[in-house]
Amino acid sequence: MSVGASRSAWGEVRGQTCSVCNRRDKFDFAVSDSIWALVVPAPHVGRVVCLGCFDDLAREAGVDYSDAIETLYFAGDKACFAFQRRWGRLVTFDNS
Ligand SMILES: [Zn+2]
């Protein structure tokens, strides 16, 4: 879940539901407001978007966010983790 870099949702993630897929979102991430604005369409701005849906939207929008996420948080029901990025790279598909 992310609504821009200024809002870390670490404490807000529990019980949040992605506004795109309507699934519970246990992962929290933050990207810059400029990346968020390029990726997330108007109906979902200011709402919860899970990382899986954010990735789908980024692919559809043609936005490379492979260097935009430094820390990924998991807020589980039993344990919580913060993951630090070791690397990120752009995925390209050959549709030919
Ligand atoms: Zn989702």
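Residues numbered from 1 in each chain as written. Predicted model: local features only at pLDDT ≥ 70, side-chain atom pairs only at ≥ 80, totals over all residues.

A. Structural detail: the overall build of the protein chain. Counting secondary structure elements, the protein chain contains two helices and three strands. What you see in the protein chain, going N to C, is helices and strands ordered as β-α-α-β-β. Scored against the burial criterion, the 96 residues of the protein chain give a buried share of 26%. Of the contacts made within the protein chain by residues no fewer than 6 positions apart, 60% connect residues no fewer than 24 positions apart. (Helix = DSSP H or I, 4+ residues; strand = E, 2+ residues; numbered from the N terminus. Buried ≥ 20, exposed ≤ 12 C-beta atoms within 10 Å, placed from the backbone. Contact = placed C-beta atoms within 7 Å.)

B. Broad picture of unusual backbone geometry. One non-glycine residue, Asn-22, adopts positive backbone phi at about 65°. Within the secondary structure, Asn-22 sits in the segment before β1 (27–29).

C. Layout of the pairing of strand β2 (residues 71–75). Bridge analysis of β1 against β2 gives three bridges, and the strand direction is antiparallel. Bridge assignment links Phe-27 to a residue of β2, and that residue is Phe-74. Pairing geometry for β2 and strand β3 (residues 80–84), over five bridges, is antiparallel. In the strand pairing of β3, Phe-74 is matched with Phe-81. Where β2 folds back onto β3 in an antiparallel hairpin, the turn is made up of four residues. (Pairing = 2+ DSSP bridges.)

D. Region of interest: the sheet that holds β3. On the basis of which strands lie adjacent, the open sheet formed by three strands has the order β1-β2-β3 and antiparallel pairing. The outermost strands of the open sheet, each flanked by one partner alone, are β1 and β3. The sheet shows a mean angle of 20° between the axes of neighbouring strands, direction not considered. (Axes fitted to C-alpha atoms, helices over the stretch in contact; angles between N-to-C directions.)

Don't take any of this as a statement about function, it's just geometry.
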